[in-house]
Amino acid sequence: MSGRDGPGAQRRAARAPGRSFALAQLRAWSLTVVSSAALGLLLYVVSSSLPFVIVSPSSDTNLGALNRCLFRALGERTRLGWAVSPDASRAAVFGPRVVAVCDLQGGLFREEVPGATALTFDGAQRLWVAAGHRLLREEGGALRPVGDFSPPVSLAGHASGVLALDASGQLVSVSPEGAVLGQVMLPGPGGRLSVGPGGTLATVVWGGWVLAYEARTLTPLLPERAPPCPVESLWWLDAPSEVLVACVAGTPPDAGAPQASFILDVRLGTSRAAPSRPRAPARRLLGRALYVHACDGFPCTAPAP
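About the cut-offs
- Residues numbered from 1 in each chain as written.
- Predicted model: local features only at pLDDT ≥ 70, side-chain atom pairs only at ≥ 80, totals over all residues.
- Heavy atoms only, no water.
- Phe/Tyr/Trp six-rings, centres within 6.5 Å; stacked < 30°, edge-to-face > 60°.
- Helix = DSSP H or I, 4+ residues; strand = E, 2+ residues; numbered from the N terminus.
- Buried < 20%, exposed > 50% of the residue type's maximum accessible area, 1.4 Å probe, protein only.
- Lys NZ or Arg CZ within 6 Å of the ring centre and 35° of its normal.
- Pairing = 2+ DSSP bridges.
- Axes fitted to C-alpha atoms, helices over the stretch in contact; angles between N-to-C directions.
- Contact = heavy atoms within 4.5 Å.
- Salt bridge = Lys/Arg side-chain N within 4 Å of Asp/Glu carboxyl O.
- Core = buried A, V, L, I, M, F, W, Y, C linked by side-chain atoms within 4.5 Å.
- 1 Å grid on protein atoms, 1.4 Å probe; cavity = no way out; pocket = protein on both sides within 12 Å on 5 of 7 lines; lining within 4 Å.
- Points joined across faces, edges and corners; volume = space filled by probe spheres on them.
- Nonpolar A, V, L, I, M, F, W, Y, C, P; charged D, E, K, R; others polar.

(A) Quick peek at the packing of aromatic side chains. Across all of its chains, the model carries one aromatic pair by this definition. Ring centres 6.4 Å apart and planes at 55° place the aromatic pair Phe71 and Phe298 in the tilted group. Taken together, the residues Phe71 in helix H2 (residues 64-74) and Phe298 in strand E22 (residues 298-302) connect sequence positions 227 residues apart. According to the relative accessible area criterion, Phe298 is buried, its value standing at 3%. Taking NZ or CZ as reference, Arg283 lies 4.1 Å from the ring centre of Trp82, over its face.

See below:
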C-alpha cells in the first residue's frame, strides 16, 4: 500500500465531502445575502422614487410651472395649505409664517403672515388669507386686513367675496370691503365647505347631510330632508347646481337599492343614482373644469370624478 492509500489519506478523503458541502453552503448563503441586499436596494429605489415620478408637483401639466415657482419661494419649509385661482393662472401656498403666491407670467410675492390657517381665491382671482381673528385680502400686491372675525378654520371664495367657517360652526359671507353679506349657524362644528362652478352656490357636508346655500347671501336651498344615504364627501360637477355625492362606505341608504353614490341638484333638491363611486376627494375650480387635490403640500391635477 503506498503512502497515498494510508490511513491519513483515507481520513482526508472522508473529510473532503463535508468540507465541500460546507463551502457550497457558505457560497449559497453569501449569494443569498448579496441578492437580498441588491433586491432590497432595488425595492428601495423603486418605492422611494416611483411616487415622485407619478405625482411630482413640478411635472403636473396644468400646475407644474406654478408649483416650481412656489417651491422656489418656500423651499423645504413646512406647507400647511394651498389654493388655486378660478382659472388656474395663479396658485398660493402657506406655512406657519409665510404666504407665497405665483402666477403663470413668473410673478411672485411672499409675505410674512404668522399664524395663517387657511387661504382661498375669490371669483376675481384675489387671494384671501385667515390668520387668527384677522381676515386679509390681496390688494395692490400685498395682503390688507378687511376686518376681525371669529378665527376661520375654512375659507372658500365665491363670485362676490369669500365664505369663512369658524370652529363653532358659524358661516359668514364677506364682501371685498369687509361687509357681512350673509350669516348662518350650522347645526354644529366640523363641516366641510365648498363652492361650485361660477361661485354662486355653496355646500357644507355636515353630520352625513349636505347643506346648500346661495353663496353670496347664504340663503338656504335644500329642504330639511334626509339624503338617500349618509354623506361622506362630494364633488361639484359642470352643471352649476349639481354635485356628485359619495355615501359613507358600508352604510345602506334609507330606502331603495343600495348605492355607493348619487347625483344631487342642490337647487331643486332632486337626486338620482350615480354610475360609480368617485375615487378620491378633489376640488373643482370656480372658473374652469379642472379638479385639483393635495400633492406633497402643493396642488396637483386630479382626475374628474
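(B) Region of interest: the sheet that holds strand E16 (residues 231-236). Read across the open sheet, the four strands follow the order E16-E17-E18-E19; overall the sheet is antiparallel. Edge positions in the sheet fall to E16 and strand E19 (271-273), since each has one partner strand and no second. Strand-to-strand twist across the sheet, computed as the mean angle between neighbouring axes with direction ignored, equals 30°. Here five bridges tie E16 to strand E17 (residues 242-247), and the two strands are oriented antiparallel to one another. Bridge pairing links Trp235 to Leu244 in E17.

(C) Quick look at the sheet that holds strand E9 (residues 152-158). Reading across from one edge, E9-E10-E11-E12 is the order of the four strands in this open sheet, with antiparallel pairing throughout. Only two strands of the sheet have a single partner each, and these edge strands are E9 and strand E12 (180-185). Within the sheet, the average angular offset between the axes of one strand and its neighbour, ignoring direction, is 15°. Examined bridge by bridge, strand E11 (residues 170-174) and E12 share five bridges and lie antiparallel to one another. Bridging from a neighbouring strand, Gln170 pairs with Met185 of E12.

(D) Structural view of the pairing of strand E6 (residues 127-131). With respect to burial, E6 is a largely interior element, five of its five residues being buried. By the alternation rule, side chains of E6 split into Leu127, Val129 and Ala131 and Trp128 and Ala130, which are all buried. Examined bridge by bridge, strand E5 (residues 116-121) and E6 share five bridges and lie antiparallel to one another. Residue pairing in the sheet places Phe121 in a bridge with Leu127 of E6.

(E) Representation of H2 in the model. Of the residues making up H2, those classed as buried are Gly64, Leu66, Asn67, Cys69, Leu70, Ala73 and Leu74. In this fold, the buried residues of H2 make contact with strand E2 (90-94), strand E3 (98-103), strand E4 (108-112) and E22.

(F) Focus on unusual backbone geometry. Even without a glycine there, the phi angle at Ala88 is positive, about 65°. Relative to the elements of secondary structure, Ala88 occurs in the loop between strand E1 (81-84) and E2. If you check the backbone angles, Gln125 has positive phi at about 70° while not being a glycine.

(G) Main features of the pattern of salt bridges. Taken as a whole and judged by the stated rule, the model has eight salt bridges. Close ionic contact of Asp296 with Arg79 constitutes a salt bridge, the shortest N to O distance being 3.9 Å. Of this pair, Asp296 sits in the loop between strand E21 (291-295) and E22 while Arg79 sits in the loop between H2 and E1, and the two are 217 residues apart along the sequence. When the shortest N-O distance is used, the salt bridge between Arg97 and Glu112 registers 3.9 Å. In this pair, Arg97 sits in the loop between E2 and E3 while Glu112 sits in strand E4, placing the two residues 15 residues apart along the sequence.

(H) Spotlight on the environment of Gln105. Mapping Gln105 onto the fold places it in the loop between E3 and E4. The sequence separation of Gln105 and Ala65 amounts to 40 residues, and the corresponding C-alpha distance is 9.7 Å.

(I) Main features of the nonpolar core. Membership of the largest hydrophobic core comes to 17 residues, with the highest contact counts inside it found for Leu63, Leu70, Val84, Ala88, Val93, Leu285 and Val292. Of all the elements in the fold, those that place two or more residues in this core are H2, E1, E2 and E3. No other element matches H2, which puts five residues into this core. Aside from chain neighbours lying at most four places away, what touches Val292 is Leu63, Trp82, Ala282, Arg283, Leu285, Cys300 and Ala302. Counting residues in hydrophobic clusters, the runner-up holds 16 residues, among them Cys229, Trp236, Val243 and Val266.

(J) Region of the structure containing the layout of surface pockets. Size it by volume and the largest pocket reaches roughly 930 Å³. Contributing to the lining of the largest pocket are 37 residues, with Leu155, Leu193, Ser194, Ala282 and Arg283 lying nearest its centre. Of all the secondary-structure elements, those providing two or more residues to the lining of the largest pocket are E1, E5, E9, strand E13 (192-195), E16, strand E20 (283-284) and E21. Taken together, the residues of the lining of the largest pocket sort by class into 24 nonpolar, nine polar and four charged. Put simply, the second largest pocket is a space of about 210 Å³. What lines the second largest pocket is a set of 15 residues, among which Pro187, Leu211, Tyr213, Leu222 and Glu224 lie closest to the centre. Of all the secondary structure elements, the ones that give two or more residues to the lining of the second largest pocket are E12 and strand E15 (209-214). It is E15 that contributes the most residues to the lining of the second largest pocket, five residues altogether. Split by residue class, the lining of the second largest pocket holds 14 nonpolar, no polar and one charged.

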